[in-house]
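Residues per chain, in single letters:
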Amino acid sequence: MKRIPPAVTQAIAVTCLWAFTLVTLAILLFIIVYILIQGLPGISWEFLTQAPESMGRRGGIFPMIVGTFMVAGLAVLIAAPIGIATAIYLTEYTREGKFTFIVRFGADCLAGIPSIIYGLFGFVFFAIALGMGLSVVSGALTLALMILPTIVRTAEEAIRAVPAAYREASYGLGSTRWQMVTRVVLPLALPGICTGVVLSLGRSISETAAVMLTAGSALRMPHSLSDSTRTLALHFYILSREGLSMDKAYATASVLILLILALNLFAYWLMRQVTRRMG
Amino acid sequence: MRKDKLVAALLQAIALSALAGLMIITVFIFKEGLPLIFRTGLKDFFFSADWEPGKGNFGIMSMIIGSLAVTLGAMLIGGTLGLGMAIVLTQFCPPKLASLIKPTIELLAGIPSVVYGFMGVVTLVPIIRNYLGGPGLSVLAASIVLGIMVLPTVTSISIDALKAVPRSYWEGSVALGATRWQTTHMLMLKAARSGIVAAIILGMGRALGETMAVIMVAGNALEVPGSVLDPVRTLTSNIALEMGYASGEHREALFATGVTLFAVIMIFNTIALSFARRTIRQGRGQ
């Protein structure tokens, strides 16, 4: 067999690999454009601010928007302080050892658990064992556990990226560890930490399976944290799956996609701030 | 100084919350599901395909096969595309362009899984039904949709693994006159092997655990699939489909399905993590 010159194999391989990359980007673009073309015409002020009628066949999605932000917002409010504190401890207060290994192992395992298992757990633990029922707060607590590992990991990376010289300078001026952390490290790491928080908010908004089993699917407006609610993603699922209204389904999906796009752009912008600051 | 010690103790306690969460989850899922597995008997639970909750038959074999089938299919597609992208972005792409493509892949990870499922239903399923036959809702449709969904996981972890290979390896190979592709597949891929294995296994975990998108495109039939064009039900979709109305023993059986899924994913993750750690050690040159 004649040997193929290395330059030719390289050309073939690189062409294939670039084709893979372009196919993936094309799929992403196709999904976003397809949903927006079908759904944007259905978005109006009324759609965003009115309650749904006849199971969502007519009317708007206002209660779902409120419900989504209540569940996802509360989840982030719970998970962010815990996650950031964990990251501070792992980076500033301890050496690499058994303890950090165990904590990281726990976080990594949490990150791998599928959302349906979180849903099952939230259902038996928060909704039944703790008596919270299918409610905003059950959903939020379940999601908080789910996004915790992401927040820990991103916060850790952001804190580690702060150059050691800043810490040494702070100590040199006589500050305690806590002063150094709160006045020097955290302000510098803030954009990076926020990136993780924003991406986690996006993940909470997109989540469906876990929320379905813990927050329920009530169509009415949630008035308190103990009310059941239906998030946008679940509403979209029910609309399309039960064939209630394709137009409303596309419009709801567009709202979701626009939200996720906005959050990702914001996270990207924050990340750019970090790279600029750290040089 | 005393305040500093107090803060340290407090932070340490908070740092344990992730671990505590993991433990409570494990305990509650197993407590709800394990008794039924033993009551049914390991053989009748894992190796029977009779799932008739009304009659007290809880065999999950068809779902285990279903989950394995779509996961394998997803990895063939997502693993190839994802690894390909990671190679392009680290070896052949101008860094400026790569720094634009990477957030785009993260966006792919941000799109809700229901949207993927929906897109599968409106575009992919009709194509499969019209051109390949069968009901369209099938192993194939689920594999393709899942393959796209696991792409970001596979890509980003593979990128980290490839970046962890010391620059001097690459320089040495190129200095010996190897082309960049030879360097990539003979050296970089081998040096980053354990990280790439970790990426693939974690991707498998994602595919295995995905629920909503699979429910929408897999067809959910309670049969062992005979071909890739047959509909299947996975472990995850079984839980999500029936949890809404299940009670008593039926609900326990769904938790038992969850126990199975949980155990398999934990094994996957532990393997993946040990591979990932190996990469880090190699990267540090130890």
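Reading the values: the criteria
- Residues numbered from 1 in each chain as written.
- Chains lettered and ligands numbered in written order.
- Predicted model: local features only at pLDDT ≥ 70, side-chain atom pairs only at ≥ 80, totals over all residues.
- Heavy atoms only, no water.
- Helix = DSSP H or I, 4+ residues; strand = E, 2+ residues; numbered from the N terminus.
- Buried < 20%, exposed > 50% of the residue type's maximum accessible area, 1.4 Å probe, protein only.
- Areas by Shrake-Rupley, 256 points an atom, 1.4 Å probe, with all protein chains shown as cover.
- Lys, Arg positive; Asp, Glu negative; His and termini not counted.
- Charge placed at Lys NZ, Arg CZ, Asp CG, Glu CD.
- Contact = heavy atoms within 4.5 Å.

Visitor: Is there a simple way to explain the overall build of chain B in this structure?
Guide: If you tally the helices and strands in chain B, you get 13 helices and two strands. By its C-alpha atoms, chain B is 70 × 70 × 30 Å across when sized along the principal axes. Evaluated residue by residue, chain B yields a buried proportion of 51% over its 286 residues. Carbon and sulfur atoms make up 65% of the accessible area of chain B, which totals about 12,300 Å². Here chain B contributes 22 positively and 14 negatively charged side chains, and the mean placements of these two sets differ by 16 Å.

Visitor: What is the right way to read the overall build of chain A from this model?
Guide: Looking only at helices and strands, one finds 11 helices and two strands in chain A. The helix and strand sequence of chain A, counted from the amino end, reads α-α-β-β-α-α-α-α-α-α-α-α-α. Along the longest, intermediate and shortest principal axes, the C-alpha atoms of chain A span 70 × 65 × 35 Å. In chain A, which comprises 279 residues, the share counted as buried stands at 54%. In chain A, the proportion of contacts linking residues at least 24 apart, taken out of those at least 6 apart, comes to 73%. Carbon and sulfur atoms form 67% of the exposed surface of chain A, whose accessible area is close to 12,200 Å².

Visitor: Explanation requested: unusual backbone geometry in the structure shown.
Guide: Residues other than glycine predominantly adopt negative phi, and peptide bonds predominantly adopt the trans conformation. The backbone of Ser54(A) sits at a positive phi, close to 40°, despite the residue not being glycine. Position of Ser54(A) among the secondary structure elements: in the loop between β1 (52–53) and β2 (58–59). On the basis of relative accessible area, Ser54(A) is assigned to the partly exposed category, the value being 32%. The backbone of Asn220(B) sits at a positive phi, close to 60°, despite the residue not being glycine. The residue Asn220(B) is located in the loop between α11 (212–218) and α12 (235–242) in this model.

What is shown is where atoms sit, not what they do.
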